[in-house]
Amino acid sequence: MNLTRPGLQPPATRQRSLLSLLGLLVACLSGSALTAAPPNIVFVLTDDMGYSDLNCYGGNFAPTPNLDRLAKEGTRFTRFYDNAPICSPSRAAFITGMFPARWNFTTYLDKRALNLDCEQADFLPTRAPAIARVLKAAGYATAHFGKWHLGGGRDVTNAPPFSAYGYDEHIGTYESPEPDPNITATNWIWSPRDLVKRWDRTRYFVEHALDFLHRHKDRPCYVEIWPDDVHTPWVPNLEREAENPRSTAERDFAAVLAEYDVQMGRLFNGLKALGMETNTLVIFTSDNGPLPSFNHARTGGLRGSKLSLYEGGIRVPFIVRWPGHTVVAKVDERTVLEAVDLFPTLCAIAHAPLPDGFTFDGEDMSAALDNRPFVPTKTIFWEYGRKSRFFNYPRPVYDRSPHLAVREGKWKLLVNADGSQAQLYDLDADPNETSDVADTKPERVRRLRDAALDWKRSLPAFAPRR
């Protein structure tokens, strides 16, 4: 009997083939972000937290034991970038997976007249991809608790509601289409008349987040907790003020940071009490660098601050805990990640297909979260500001950057949109950007400057609203 004719293998061969196929399948599953069920996702986006505000990143302003514990239980990244040095465009990048300039976001959203002067939109259009909408379509319960600042507030009264972006429930600050009356007695960041005082806001968001998770135990949840405590004005309660003898500004900041860490501890303990800790991916980061930086103490010595494309304005803490996936107490000092990566990454983890019709700027970085090698293949671009008279910030000239930046490998170039003021830094050798080597690398400067200017020209032209 011919056991080797086409279509028929000897038993031993068939057994080896089956074992090989099984081994390949196991390898694929164990080497990916696949799980028996999609995990809950809790995304904490802190407002204006500096790279080294936390103890685990070298800060010493206030004890941060709960966030340090998160780092010990997961992976702490040291090369994570926001896609803008200020809140509205940075948040648009997280939400859409696309560079914010593609949606005409260049600075924080303000009154309609100032938005027009700055050549930017009044709100994120609903035609843009939105991570909550995609995850909701994949079966997730979705919620947003905290600052929004992607439309609404001031005199922008026609911003789309939270539901248009895919949220089942929400609490918004005054810079949102549906501000929560308990924290918006007036049309401003805070007021003494607010029912929930400024120092209790994160507690308020955490309580609602835990309640939402409890009520939706029957399905995976995507929850955004976006507190604004670390953003000025810092308003601690009297007990916290008395705990720190520093000067007024640093004392208030330290008090707010200490209370913020306590509330993060309540969140993490609440996840454990709900029995959700082991199947919940927690992501903790910031929307941009700090302001003030206290002479770069809050940036770990990195040049720049909020409002700057130097490292101190865009490099921020990034901690991920996902039991069974992220490595415990790992510090990843090599992987370069950026905010726009979060959209495709969460889609991969949640088994949600990317929406059609868009070219996403981010990459699926689930390998980096799941302890597998991850080498970014795309160049990172930044834009901040389109008219110099509106963007002569931050005040220290040393921290004031050109309006465009590009990072490729270890090299970062900054340049204005007219091609002037090109600066080149080797971030491996000089992470604080103290030595501009543009004069010694003319060919690299030319190539990166051309890439930045070509990218700038590729962006959609600003079309003033009618």
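See the structure above.
Everything numeric in this text was worked out from a predicted model, so none of it was measured.

J.: Please clarify how the overall build of the protein chain should be interpreted in this entry.
T.: Counting secondary structure elements, the protein chain contains twelve helices and 13 strands. Taking 23 Å as the expected radius of gyration for a compact globule of 466 residues, we find that the protein chain reaches 23 Å, a close match to that expectation. Once the C-alpha set of the protein chain is aligned to its principal axes, its extents read approximately 90 × 55 × 50 Å. Out of the 466 residues belonging to the protein chain, those deemed buried represent 58%. Taking contacts inside the protein chain between residues at least 6 apart in sequence as the whole, the part at least 24 apart equals 69%. With an accessible surface of roughly 18,900 Å², the protein chain has 55% of that area assigned to carbon and sulfur atoms.

J.: Help me out: how do you make sense of the environment of threonine 106 in this one?
T.: Assignment of secondary structure puts threonine 106 in the loop between helix 3 (87-96) and helix 4 (112-117). Here threonine 106 falls in the buried class, since its relative accessible area comes to 0%. Considering only alpha carbons, one finds threonine 106 and tryptophan 411, 305 residues apart in sequence, at a separation of 23 Å. Contact partners of threonine 106, with chain neighbours within four places excluded, come to Pro89, Cys118, Glu119, Gln120, Glu383, Tyr384, Gly385, Arg386 and Phe391. Engagement of the side chain of threonine 106 in a polar contact is seen with the backbone oxygen of cysteine 118, the distance being 3.5 Å.

J.: How should I be thinking about the packing of aromatic side chains in this particular structure?
T.: Aromatic rings in a pair are described by how distant their centres are and how their planes are angled relative to each other. Tallied over the entire structure, the rule returns 27 aromatic pairs. Each ring, one from tyrosine 51 and one from tyrosine 57, has its centre 5.2 Å from the other, and the planes form 70°; the classification is edge-to-face. With a centroid separation of 6.4 Å and 90° between ring planes, the pair formed by phenylalanine 99 and phenylalanine 381 is classed as edge-to-face. Here phenylalanine 99 is found in the loop between helix 3 and helix 4, whereas its partner phenylalanine 381 is found in strand 10 (residues 380-383), with 282 residues between them in sequence. Looking at phenylalanine 99, the relative accessible area reads 3%, which means it is buried. Between the NZ or CZ atom of arginine 298 and the centre of the ring of phenylalanine 253, over which it lies, the distance is 4.1 Å. Positioned above the aromatic ring of tryptophan 382, the side-chain terminus of lysine 412 is 5.8 Å from the ring centre.

J.: Would you mind showing me how to read the pairing of strand 2 (residues 75-81) here?
T.: The side chains of a regular strand alternate between the sheet's two faces. With respect to burial, strand 2 is a largely interior element, seven of its seven residues being buried. Pairing of strand 2 with strand 7 (residues 315-321) involves five bridges; the strand directions are antiparallel. Counted as the bridge partner of arginine 76 is isoleucine 319 from strand 7. Here strand 2 pairs with strand 8 (residues 330-332) via three bridges, running parallel. Looking across to strand 8, one finds that threonine 75 is bridged to lysine 330. Relative to strand 9 (residues 337-338), strand 2 runs parallel, the two being bridged by two bridges. Residue pairing across strands places phenylalanine 80 opposite leucine 337, the latter belonging to strand 9.

J.: Help me out: how do you make sense of the environment of phenylalanine 105 in this one?
T.: Mapped onto the elements, phenylalanine 105 comes out in the loop between helix 3 and helix 4. Overall, phenylalanine 105 belongs to the buried group, its relative accessible area being 1%. The spatial distance from the C-alpha of phenylalanine 105 to the C-alpha of glutamate 119 is 8.3 Å, given a sequence separation of 14 residues. When neighbours within four sequence positions are excluded, phenylalanine 105 is seen to be in contact with Ser88, Pro89, Ala92, Pro100, Gln120, Ala121, Phe123, Leu124 and Leu150.

J.: Mind showing me how you'd approach the pattern of salt bridges here?
T.: Opposite charge on two side chains makes pairing possible when the charged atoms of those side chains draw close. All told, the structure shown has 34 salt bridges when counted by the stated rule. In this structure, the salt-bridge partner of glutamate 311 is lysine 412, at a minimum N-O distance of 2.9 Å. Here the residue glutamate 311 occupies a position in helix 9 (residues 311-314), and lysine 412 occupies one in strand 12 (residues 411-415), the gap between them amounting to 101 residues. The closest approach of N and O atoms between glutamate 383 and lysine 456, which form a salt bridge, is 2.6 Å. With a gap of 73 residues between them, glutamate 383 in strand 10 and lysine 456 in helix 12 (residues 442-458) connect regions that are remote in the sequence.

J.: I tried to follow the nonpolar core on my own but got confused; where do I start?
T.: One recurring pattern in soluble globular proteins is that nonpolar side chains are buried together. Of all hydrophobic cores here, the largest spans 67 residues; its most connected members are Ile95, Tyr222 and Leu281. Residues Ile171, Ala209, Ala258 and Leu267 belong to the second largest nonpolar core, which totals 47 residues.

J.: Teacher, can you tell me more about the sheet that holds strand 11 (residues 404-408) here?
T.: By way of backbone hydrogen bonds, the strands of a sheet pair with one another, either parallel or antiparallel. Spatial ordering of the open sheet is given by 10-11-12-13, a layout of four strands whose pairing is antiparallel. For this open sheet the edge positions go to strand 10 and strand 13 (423-426), each flanked by a neighbour on one side alone. Here the average twist between neighbouring strands, direction ignored, is 15°. In the packing of helix 12 onto the sheet, the strands contacted are strand 10, strand 11, strand 12 and strand 13, and the crossing angle to strand 11 comes to about 120°.

J.: I would appreciate a short explanation of the side chain of aspartate 47 in the present structure.
T.: Within the secondary structure, aspartate 47 is located in the loop between strand 1 (40-46) and helix 2 (65-72). Exposure remark for aspartate 47: the relative accessible area of 0% places this residue in the buried category.

J.: When you look at the pairing of strand 5 (residues 221-226) in this model, what are you seeing that I'm missing?
T.: Buried residues dominate strand 5, accounting for six of its six residues. Relative to strand 5, strand 1 is paired through four bridges, and the arrangement is parallel. Across the sheet, residue valine 44 finds its bridge partner in strand 5, namely isoleucine 225. Here strand 3 (residues 141-146) pairs with strand 5 via six bridges, running parallel. Its bridge partner being in strand 5, histidine 144 is matched across the sheet by glutamate 224.

J.: Just checking my understanding: could you explain the side chain of aspartate 252 for this structure?
T.: Among the structural elements, aspartate 252 can be located in helix 8 (residues 248-273). For aspartate 252, a relative accessible area of 12% puts it in the buried group. When neighbours within four sequence positions are excluded, aspartate 252 is seen to be in contact with Trp234, Pro236 and Glu241.

About the thresholds
Residues numbered from 1 in each chain as written. Predicted model: local features only at pLDDT ≥ 70, side-chain atom pairs only at ≥ 80, totals over all residues. Heavy atoms only, no water. Helix = DSSP H or I, 4+ residues; strand = E, 2+ residues; numbered from the N terminus. Rg over C-alpha atoms; globule rule 2.2 N^0.38 Å. Buried < 20%, exposed > 50% of the residue type's maximum accessible area, 1.4 Å probe, protein only. Contact = heavy atoms within 4.5 Å. Areas by Shrake-Rupley, 256 points an atom, 1.4 Å probe, with all protein chains shown as cover. Polar contact = N/O pair within 3.5 Å; in protein donor to acceptor, adjacent residues only side chain to side chain. Phe/Tyr/Trp six-rings, centres within 6.5 Å; stacked < 30°, edge-to-face > 60°. Lys NZ or Arg CZ within 6 Å of the ring centre and 35° of its normal. Pairing = 2+ DSSP bridges. Salt bridge = Lys/Arg side-chain N within 4 Å of Asp/Glu carboxyl O. Core = buried A, V, L, I, M, F, W, Y, C linked by side-chain atoms within 4.5 Å. Axes fitted to C-alpha atoms, helices over the stretch in contact; angles between N-to-C directions.

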